Every structure is written in C-alpha cells, then in structure tokens.
Amino acid sequence: MTRTAISPRLAIRIFWSTGANVGPVGSRGDIWEAVSWPAGWDVRHVTETGSTNSDLLTALEAGEAGDRSVLVADHQTAGRGRLDRRWDAPSGTNLLVSIAIAPVPPVAADATHRVALAALGAARSVRVEADVALKWPNDLLVGGGKLAGVLAQRSPVTDALVVGLGLNVGWSPDGAARLGDGVQPAEVLRRVLLEFDRLPREIGPSYRAALATLGQRVRIELPGDRMVVGTAHDVDTVGRLVLTLDDGSTAAYDVGDVVHLRPAAR
Ligand code: BT5
C-alpha cells in the first residue's frame, strides 16, 4: 500500500483552510458545529491532535490563522503544561483550547491574564455556588484543587502568541477539581469567549483584584528544586509576583508554582 506523507505544517494548513478533521456527523463534532460563537471568533474543532497550542502556532506561522483564531480538541495526545509538564484529560471530557492573540501586547502577560480572567468568569457562571479562585500566575482553583491551567507560547517567527487553556469539566485527576457533570465543554468555551470580550482595555487592575494569591502567605516552588516563602503583596508591571520575604526584603518571581499556605480569603 502506498501512503503519501503529509508534513504536520501542511496538514494544519489543509485543516485550517478547509475545516477538514472536524468531527464526523453523529459524533461530538455535531455539538461543536451547533454552537453559536460570539462574533469575531474563528473557532475550529478537532477530535484529536497532539497539542492545540502547537497546532495553532503552526497555523499562525503559516499565515492560516490570526488574532482570535481558536482551536479546540476533544483529545490531546501530547497536551502540554508549563515547564515541559503534561496536561491530561480523557477524550471528550474537558475543555482543551488554544486562543491566538496578535500582535503580542506590549506586556505579553496581559494576554494570559485575559484568558485566565475569562476562564474565571466562565467557571463562576457555570458553578455559581463554588468558590472559584485565581492563583498566580493563571491557575483556577476550587477548594484548593486545580480546576484549570493556562500555557502561553510566543511564536519565534511571527508577532503572535497562543494562550492554551485546559479546564476540567467532566474529569479531573486526583486532588484536582472539575466543573461537574451536565456541563458541555463547548458551552464553557462559549462563555469563556463572551467573558473575554467583556474584559476592560486595561487588564492589570482586574487581574490584581481577582488574584486570590495577593495578601496570602505563599510558598513558591522554583525551577531547580528551590523554594521561597513569603507574603505575596503585588504583581509588577510585567506580571511577576512580588513577595515580602521574612527578612523584610522584597523579591519578584516570573516563574514557579505557588502554594497558598492559608486558604484564600476570597
Ligand atoms: C498548566 O501547566 O496548568 C497549563 C496547562 C495548559 C493546558 C492547555 S490544554 C490546551 C492547550 N494545549 C496544550 O498542549 N496545553 C494547553 P502546569 O501549571 O505546569 O500544570 C501541569 C501539572 O498539572 C502537571 O504536571 C500535573 O501535575 C497537573 N495536571 C495535569 N493534568 C491536569 C488536569 N487535567 N487537571 C489538573 N491538574 C493537571
């Protein structure tokens, strides 16, 4: 049997220009096709891929996607977390989506803050009774368990970035949180995009106001098995978390995993 090899770049180009690879009739593709997306968003759905972030970056770099292009998948075989970690979800259970933002805003972190705030608004609108909190830099928590994470990747080729959101809807790993049964990932995405469009032009004050980390005593686990403990008192203009350390000095951190040492006050 002869097979014609198609490069990943060509495959995403074909997908993006034809809408091919969208789920077949009778599958979950129907649900995604039926959604009425807010104006101005170009939402594409695939049943399976490696990573929506990688695909959308490829599409951007090929000129096949642009600002407000959105790629959502039922399943990722190589879903990525920050720092080369994995993001897991069984097929069809959770929201796995990437959003293209172009050009890159003057403060790149603003783009990830927007997506995190939109996800926070969407999660709160679905689970009004739950205490959904935002933890620096962009995690959503419910009862201390991780509900969602955000991964931003900047294109080295074009003036754009991709912000990926993994939000647990019907499934969560041990110790994590989910929105719960009876909620469709497509409906959650619709709400995320609506909330995104409602955010103010200046995002910094909204982000700080929503960030449960501020005022908390925290531990930051830093790359290289280092850690630091202090009180989080601000986020600086480039998105770094500013801590007051126990010796009274201040220090700003741009990457790390934060643990709230007291329950969030809001
Ligand atoms: C994140 O990383 O929180 C960013 C996750 C971004 C995922 C989205 S899905 C769509 C888009 N395409 C991609 O390829 N990625 C993005 P981080 O803070 O590093 O968290 C990763 C860690 O969370 C892992 O090491 C696990 O311990 C844990 N984890 C994995 N899957 C999880 C899940 N579904 N819920 C909660 N925690 C999870």
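Because the structure is a prediction, the values reported are computed rather than measured.

**Student:** Quick question: what am I supposed to make of the sheet that holds strand β7 (residues 161–167) here?
**Tutor:** Sheet strands pair by backbone hydrogen bonding; their relative direction is either parallel or antiparallel. As summarised here, the arrangement of the seven strands in space is β1-β2-β3-β7-β6-β5-β4, forming an open sheet in which the pairing is mixed. The strands lining the two open edges of the sheet, one partner per strand, are β1 (42–49) and β4 (132–135). Across the sheet, the mean angle from the axis of one strand to that of its neighbour is 20°, orientation sign disregarded. In this structure, strand β2 (residues 69–76) lies alongside strand β3 (residues 95–101), joined through four bridges in antiparallel fashion. Counted as the bridge partner of Leu71 is Ser98 from β3. Running at roughly 145° to β2, helix α3 (residues 52–61) makes contact with β1, β2, β3, β6 (145–154) and β7 of the sheet. On the sheet, helix α5 (residues 185–198) packs against β2, β3 and β7 and is oriented at approximately 30° with respect to β3.

**Student:** Before we go on, may I ask you to explain the pairing of β4 in this structure?
**Tutor:** One face of the sheet, then the other: side chains in a regular strand alternate in exactly this way. Burial of β4 is two-sided: the residues Val132 and Leu134 facing one way and the residues Ala133 and Lys135 facing the other way are all buried. Judged from the four bridges that link them, β4 and strand β5 (residues 139–142) form a sheet pairing that is antiparallel. Within the sheet, the bridge partner assigned to Leu134 lies in β5 and is Leu140. Hairpin connection between β4 and β5: a loop of three residues separates the two successive antiparallel strands.

**Student:** Can you help me understand the site of the ligand in this one?
**Tutor:** The ligand sits among 28 residues. The nearest are Ser51, Gly81, Gly149, Gly164 and Gly166. Top element by residues in the shell around the ligand is β6. It accounts for four residues. In terms of residue class, the shell around the ligand is made up of ten nonpolar, twelve polar and six charged.

**Student:** Sorry, what's going on with helix α4 (residues 109–126) here?
**Tutor:** Given 3.6 residues to a turn, an α-helix orients residues that are three or four positions apart in the same direction. When the terminal C-alpha atoms of α4 are compared, their 26 Å separation across 18 residues agrees well with the 26 Å that a helix rising 1.5 Å per residue should span. Taken across its 18 residues, α4 has 13 buried, putting it largely inside the fold.

**Student:** Where do I start with the nonpolar core in this structure?
**Tutor:** Within soluble globular proteins, side chains that are nonpolar generally end up buried alongside one another. If you look at the biggest cluster of nonpolar residues, it comprises 63 residues, and the most contacted ones within it are Ala119 and Val163. With nine residues, α4 is the largest single contributor of residues to this core. Three or more residues apiece are contributed to this core by two domains, here domain 1 (8–209) and domain 2 (213–260). Those residues within four positions of Ala119 in sequence are excluded, and the remaining contacts are Leu140, Ala148, Leu165, Leu167 and Val192.

**Student:** I would appreciate a short explanation of the sheet that holds strand β10 (residues 241–245) in the present structure.
**Tutor:** In spatial order, the strands read β11-β10-β9-β8-β12; together these five strands make up an open sheet with antiparallel pairing. Each edge of the sheet is formed by a strand with only one pairing partner; in this case those strands are β11 (250–253) and β12 (257–260). Taken over all neighbouring pairs, the strand axes of this sheet differ in orientation by 45° on average, direction set aside. Across six bridges, strand β8 (residues 217–222) lies against strand β9 (residues 226–235) in antiparallel orientation. Within the sheet, the bridge partner assigned to Arg219 lies in β9 and is Val229.

**Student:** What is the right way to read the pairing of β5 from this model?
**Tutor:** The alternating pattern of β5 places Asp139 and Leu141 and Leu140 and Val142 on opposite faces, both of which are buried. The hairpin formed by β5 and β6 contains two residues between the paired strands, and Gly143 there has a positive phi angle of roughly 55°.

**Student:** Is there a simple way to think about the confidence of the model for the chain in this case?
**Tutor:** Residues of the chain with pLDDT of at least 70 account for 88%, and the chain-wide mean is 90. Across residues 18–26 the pLDDT falls below 50, and counting only partners more than four positions away or on other chains, this stretch makes 15 contacts in the model.

What counts, and where the lines are drawn
Residues numbered from 1 in each chain as written. Predicted model: local features only at pLDDT ≥ 70, side-chain atom pairs only at ≥ 80, totals over all residues. Pairing = 2+ DSSP bridges. Helix = DSSP H or I, 4+ residues; strand = E, 2+ residues; numbered from the N terminus. Axes fitted to C-alpha atoms, helices over the stretch in contact; angles between N-to-C directions. Contact = placed C-beta atoms within 7 Å. Buried ≥ 20, exposed ≤ 12 C-beta atoms within 10 Å, placed from the backbone. Near = placed C-beta within 6 Å. Nonpolar A, V, L, I, M, F, W, Y, C, P; charged D, E, K, R; others polar. Expected span 1.5 Å × (residues − 1). Core = buried A, V, L, I, M, F, W, Y, C linked by C-beta atoms within 7 Å. Domains from an automatic or database assignment. pLDDT = per-residue confidence, 0-100.

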